[in-house]
Amino acid sequence: MEPLRKDLILEGAQIYLRPICAADTDRVVRWRNDKNVVKNFIYRIPLSREAHLDWLKNKVERGYVHQFVICRNEDKMPLGSVYLQNFEEQNKKAEEGIFLGEEQAYGKGIGTEAAKLMLQYAFEQLRLHKVAARVLAYNRASVCMHEKAGYVQEAYFREELFLDGKYEDLIFFGAINPSSKEL
Ligand SMILES: CC(C)(COP(=O)(O)OP(=O)(O)OC[C@H]1O[C@@H](n2cnc3c(N)ncnc32)[C@H](O)[C@@H]1OP(=O)(O)O)[C@@H](O)C(=O)NCCC(=O)NCCS
């Protein structure tokens, strides 16, 4: 995939998405290491600045990941991030990831709006056929948010992952491009 255009802004009612940049590093590292985010992620190793800069250089700048920062319209405050990764060229498919790092942002419909903007971008601009998301079953906010954003549950894997001393159930969600007949 071509790297994300640096001037691209995706506008929503209460938030907008802008491409992530190196200046976001400290806040993104803080968000990713926030306990609310870590407990809901499959990958739980603390994220270092170096690892994030490496991700920016080798994944984002090379187009393997399209990552946005979610910002509040009223004051441009950055609240979290949403991204597409694991692009499959032949299948026209990618996987979505999302997190809000500022506690004040939770439960206001911001995640749903960001996930919808991301799907619209994936389908209309990247012309992907399908976007997938993997969600830990106990993460009710993410389950509910993905359903509201237009994803459908496709599979429920019981005790699929061993995380922090316990087996956890995992749900696979998928969203199909409504114009997919043309793709
Ligand atoms: C998942 C996440 C992005 C959701 O964002 P959000 O802005 O808080 O979600 P929304 O406000 O859009 O809520 C969507 C729906 O989920 C519901 N919801 C929110 N928090 C919930 C909770 N703790 N338990 C159950 N439902 C919840 C809301 O009620 C809403 O449904 P409604 O509009 O019918 O009331 C956010 O909680 C987050 O960043 N969590 C930590 C990281 C994470 O889990 N990332 C996803 C990994 S798969």
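Residues numbered from 1 in each chain as written. Predicted model: local features only at pLDDT ≥ 70, side-chain atom pairs only at ≥ 80, totals over all residues. Heavy atoms only, no water.

Some thoughts on helix H3 (residues 49-60)
Phase 1: Within the sequence span of H3, burial applies to His52, Leu56 and Val60. Along the long axis of H3, the arc covered by the buried residues comes to 45°, so they all point the same way. Away from its buried face, by an angle of more than 90 degrees, H3 presents the exposed residues Glu50 and Lys57.
Phase 2: If you follow the buried residues of H3, they end up packed against helix H1 (25-32) and strand S3 (66-72). (Buried < 20%, exposed > 50% of the residue type's maximum accessible area, 1.4 Å probe, protein only. Helix = DSSP H or I, 4+ residues; strand = E, 2+ residues; numbered from the N terminus. Arc of directions from axis to C-beta. Contact = heavy atoms within 4.5 Å.)

Here we look at the site of the ligand
Phase 1: Near the ligand lie 22 residues; those nearest to it are Gly109, Gly111, Thr112, Asn139 and Lys148.
Phase 2: The contact in question runs from a nitrogen atom of the ligand to an N or O atom on the backbone of Ile98, over 2.8 Å.
Phase 3: Between the ligand and Gly109, the relevant distance is 2.7 Å, taken from an oxygen atom to a main-chain nitrogen or oxygen of the residue.
Phase 4: Across the complex, the protein chains shield 71% of the 930 Å² of accessible surface that the ligand would expose by itself.
Phase 5: Mapped by element, the contributors of at least two residues to the shell around the ligand are strand S5 (93-100), helix H4 (110-125), strand S6 (130-136) and helix H5 (140-149). (Near = heavy atom within 4 Å. Polar contact = N/O pair within 3.5 Å; in protein donor to acceptor, adjacent residues only side chain to side chain. Areas by Shrake-Rupley, 256 points an atom, 1.4 Å probe, with all protein chains shown as cover.)

Comments concerning the packing of H1 against H3
Phase 1: Interhelical geometry of H1 versus H3 gives an angle of 115° and a closest axis separation of 10 Å. It follows that H1 is roughly perpendicular to H3 by the angle criterion. Considering only the axes of H1 and H3, their crossing is right-handed. Where H1 approaches H3, its residues Thr25, Asp26, Val28 and Val29 are matched on the opposing element by Arg49, His52, Leu53 and Leu56.
Phase 2: Of the residues in the contact of H1 with H3, the class split is 4 nonpolar, 2 polar and 2 charged. (Axes fitted to C-alpha atoms, helices over the stretch in contact; angles between N-to-C directions. Parallel < 35°, antiparallel > 145°, perpendicular 65-115°, else oblique. Left-handed = near helix turned anticlockwise from the far one by under 90°. Nonpolar A, V, L, I, M, F, W, Y, C, P; charged D, E, K, R; others polar.)

Points about the environment of Gly111
Phase 1: Relative to the elements of secondary structure, Gly111 occurs in helix H4.
Phase 2: Sequence-wise, Gly111 and Leu79 are 32 residues apart; in three dimensions their C-alpha atoms are separated by 9.9 Å.
Phase 3: Once residues lying within four places of it in the same chain are set aside, the contact partners of Gly111 are Ile98, Leu100 and Met145.

Observations regarding the pattern of salt bridges
Phase 1: This model, assessed by the stated rule, comprises 10 salt bridges.
Phase 2: Note that Asp7 is salt-bridged to Arg5, the shortest N-O span being 3.0 Å.
Phase 3: Residue Asp7 is classed as exposed on the basis of its relative accessible area of 57%.
Phase 4: Via salt bridges that share partners, Arg18, Asp24 and Arg27 belong to a single interconnected network. (Salt bridge = Lys/Arg side-chain N within 4 Å of Asp/Glu carboxyl O.)

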